[in-house]
Amino acid sequence: MRPESEAELAEVIRAAPGPLRITGGGTRPIGAPVAGAVLETGGLCGITLYEPAALTLVVRAGTPLAEIEAVLAEQNQRLAFEPMDHRKLLGTRGTPTIGGVVAGNVSGPRRIWVGACRDHMLGVRFVDGSGTILKNGGRVMKNVTGYDLVKLMTGAYGTLGVLTEVSLKVLPRPETCATLVLRGLDPTRAVAAMSAALGSPYEVTGAATQVSGAVCLRLEGFEASVAYRVEALRRVLADFGAAEVLDAAASAALWAELRDVVALASFETVVRVSVKPSDGPGVQAVVEAARTDGAAVQTDWGGGLLWIGTSAPDRDCVGLIDQLRAHCASVGGHVTVIKASTHLRRAVSVFQPEPATLATLSSGLRARFDPRGILNPGLMGT
């Protein structure tokens with residue numbers, strides 16, 4: 001089913017006799033496998049409003065991300081939260097859509113500087129599980145009327161409603177960028193270096209480590225400002241070793257690979273761990289102690305986001321995920337299974353199990369917005 005309008009989508013959902021598997025471009029099959037009739041949002045396509053001077057974009061949910069980025073580039077603007085393209089990591093095809101980005105709250109390395117996708121959302125229109133068309137928010141940053149369904153829908157993975165239109169804040173593109181690279185640091189020293197950089201006044205917009213352990217620190221802005229800040233940051237980080245500096249072209253290529261986690265694309269299982277940066281080395285210690293053959297780790301967000309790849313048998317992956325979740329429960333983090341076999345995605349909860357109070361609240365929200373339980377049922381392990 002591929003409705004071409006919001007009204008048609010509402011009618012499809014009202015008439016649905018059973019579960020619906022909602023898909024945009026089909027590039028991000030994250031979550032537990034969902035059985036149901038496929039409902040595509042690609043027919044809801046097109047930019048409905050773009051005001052460069054107001055830094056505002058309103059676009060239908062099925063619009064390809066590449067189309068949006070091309071239009072913004074013409075005005076020297078961008079989606080500053082740097083949404084990840086999952087295709088290389090997951091081995092999928094198709095075309096990423098803005099609805100998929102918003103539904104998954106997909107945010108890249110620049111989140112540490114500008115916030116997540118959720119922080120750039122101004123408004124949404126969607127159809128809930130009963131086929132009712134709802135809207136919330138607006139087209140300006142000061143709109144605070146009503147309940148904040150905008151934030152609620154961002155990251156709900158289509159379990160509360162099917163997005164039809166989103167309003168976003170956009171930002172100017174920088175004139176240039178550069179990256180400082182530090183090598184030879186262990187995980188604890190790497191986090192210390194990233195923390196020192198992020199705590200400096202030099203506006204670091206990316207702080208990550210490669211699988212090799214190399215620390216990457218990005219600076220963006222006007223050319224003269226970037227040149228000055230590169231040298232100043234070098235001095236701040238002198239105790240961590242001599243920093244190599246990558247120019248704009250090399251930086252852009254590097255951060256695209258880090259954003260899309262290309263280094264882990266060959267692994268059969270990839271999990272994503274989110275903790276405080278200071279707890280990142282502890283997570284890496286859990287991976288090492290598990291002795292999972294060939295495991296690799298890439299970090300982002302100053303060391304607080306860890307991507308862990310392995311090609312170990314599913315039974316070993318179950319054990320590793322259980323150990324990681326137990327550790328994260330003790331430090332206030334969470335583990336999400338991003339890439340795995342169908343068997344593994346059924347054997348473990350894809351998302352970190354929620355505490356009882358939060359699970360009750362989540363269940364109540366789903367019952368309110370999808371009383372029949374037909375929108376991506378079971379995707380989030382419920």
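The structure we're discussing is the one just above.
A brief structural summary. (Residues numbered from 1 in each chain as written. Predicted model: local features only at pLDDT ≥ 70, side-chain atom pairs only at ≥ 80, totals over all residues. Heavy atoms only, no water.)

1. Some words on the packing of aromatic side chains
Describing an aromatic ring pair means giving the distance of the ring centres and the angle of the ring planes. Note the cut-off: The pairing test for Phe, Tyr and Trp rings, Trp by its six-membered ring, is centres within 6.5 Å, and the orientation test on the planes gives stacked under 30 degrees, edge-to-face over 60, and tilted for anything in between. Where helices and strands are cited, they refer to DSSP runs of H or I of at least four residues and of E of at least two residues respectively, numbered from the N terminus. A simple rule labels every residue: compare its accessible area, found with a 1.4 Å probe on the protein chains alone, to the largest value its type can have, and call it buried under 20%, exposed over 50%, or partly exposed in between. Charge-over-ring contacts are defined here by two conditions on Lys NZ or Arg CZ: a distance within 6 Å of the ring centre and an angle within 35 degrees of the ring normal.
The full count for this structure, using the stated rule, is 3 aromatic pairs. Ring centres of Tyr-157 and Phe-351 lie 5.2 Å apart, and the angle between their planes is 65°; this geometry places the pair in the edge-to-face category. You can see Tyr-157 sitting in the loop between helix H6 (149-153) and strand S8 (162-169) and its partner Phe-351 sitting in the loop between helix H12 (342-347) and helix H13 (356-369), a full 194 residues away along the chain. By relative accessible area, Tyr-157 is classed as partly exposed at 22%. For Arg-218, the ring lying beneath its charged end belongs to Trp-255, and the centroid distance is 4.7 Å.

2. A few points about the layout of surface pockets
A water-sized probe, rolled over the atoms, reveals where empty space remains. To be explicit about the condition: The way it works is a 1 Å grid over only the protein atoms, where trapped points that fit a 1.4 Å probe form a cavity and open points with protein on both sides within 12 Å along at least five of seven lines form a pocket, and then any residue with an atom within 4 Å of a point lines it. Grid points are joined across faces, edges and corners, and a volume is the space filled by probe spheres set on the points. Gly counts as polar in this scheme, as do all residues outside two lists: the nonpolar Ala, Val, Leu, Ile, Met, Phe, Trp, Tyr, Cys and Pro, and the charged Asp, Glu, Lys and Arg.
Taken as a whole, the largest pocket spans an internal volume of roughly 1,100 Å³. Taken together, 39 residues form the lining of the largest pocket, with Gly-155, Tyr-157, Phe-351, Glu-354 and Met-380 sitting closest to its centre. For the lining of the largest pocket, the secondary-structure elements that each account for two or more residues are H6, strand S14 (269-274), strand S17 (334-339) and H13. Examining the composition of the lining of the largest pocket, we find that 6 residues originate from one element, H13, more than from any other. Among the residues making up the lining of the largest pocket, the classes are represented as 18 nonpolar, 15 polar and 6 charged. By volume, the second largest pocket amounts to about 590 Å³. What lines the second largest pocket is a set of 30 residues, and nearest its centre among them are Ile-22, Thr-23, Gly-24, Arg-28 and Asn-376.

3. Points about empty space enclosed by the protein
Counted under the stated rule, the structure contains 2 cavities of 30 Å³ or more. The volume enclosed by the largest cavity comes to roughly 50 Å³. In terms of lining, the largest cavity is formed by Met-84, Ser-107, Gly-108, Pro-109, Leu-258, Arg-259, Asp-300, Leu-305 and Trp-307. Sorting the residues of the lining of the largest cavity by element identifies helix H9 (248-259) and strand S16 (305-310) as the ones contributing at least two each. Across the lining of the largest cavity, the residue classes tally to 5 nonpolar, 2 polar and 2 charged. Approximately 40 Å³ is the volume attributed to the second largest cavity. Lining the second largest cavity are Thr-269, Val-271, Ile-308, Thr-310, Cys-317, Leu-320, Ile-321 and Leu-324. If you list the elements that add at least two residues to the lining of the second largest cavity, you get S14, S16 and helix H11 (314-331). Counting residues per element, the lining of the second largest cavity draws most heavily on H11, at 4 residues. In terms of residue class, the lining of the second largest cavity is made up of 6 nonpolar, 2 polar and no charged.

4. With respect to the packing of helix H10 (residues 280-290) against H11
What counts, and what does not: What counts as an axis is a line fitted to C-alpha atoms, over the stretch in contact for a helix, and the angles between N-to-C directions run from 0 to 180 degrees. Orientation labels follow simple angle bins: below 35 degrees gives roughly parallel, above 145 gives roughly antiparallel, 65 to 115 gives roughly perpendicular, and whatever is left gives oblique. Crossing handedness: left-handed means the near helix sits turned counterclockwise from the far one by under a right angle, and right-handed means the same turn made clockwise. Note on definitions: a residue-residue contact is assigned when non-hydrogen atoms from the two residues lie within 4.5 Å.
Taken N-terminus to C-terminus, the directions of H10 and H11 make an angle of 150°; their axes are 10 Å apart at the nearest point. Looking at the two axes, H10 sits roughly antiparallel to H11. Between H10 and H11 lies a crossing of right-handed hand. Contacts between H10 and H11 pair Gly-282, Val-283, Val-286, Val-287 and Ala-290 from the former with Leu-320, Gln-323, Leu-324 and His-327 from the latter.

5. Brief notes about the sheet that holds strand S4 (residues 56-60)
Put simply, the test is: Note on pairing: two strands pair once DSSP finds at least 2 bridges between them.
One open sheet accounts for 5 strands, arranged S3-S4-S8-S6-S7; its pairing is antiparallel. The open sheet is flanked by strand S3 (47-51) and strand S7 (133-137), the only strands paired with a single partner. Averaged over all adjacent pairs, the angle separating strand axes in this sheet is 10°, with direction ignored. Note: S3 against S4, 4 bridges, orientation antiparallel. Looking at the pairing, Leu-49 lines up with Val-58 of S4.

6. A few points about H9
Every α-helical turn comprises 3.6 residues, leaving residues that sit three or four positions apart pointing alike. Basically, it comes down to this: The span you would expect from a helix comes to 1.5 Å times its residue count less one. Here the arc refers to the directions that run from the helix axis out to each C-beta atom.
Its 12 residues give H9 an end-to-end C-alpha distance of 16 Å, which sits within 8% of 16 Å, the value for a rise of 1.5 Å per residue. Regarding H9, the residues found buried are Ser-251, Leu-254, Trp-255 and Leu-258. Projected down its long axis, H9 carries its buried residues within an arc of 95°, all on one side. Elements in contact with the buried residues of H9: strand S10 (176-182), strand S11 (204-209), strand S12 (215-221), strand S13 (244-246) and strand S15 (296-300). Taken from the residues just after H9, Val-261 is the one with a positive phi, measuring 50°.

Interpretation note: all reported values are geometric properties and have no functional meaning in isolation.
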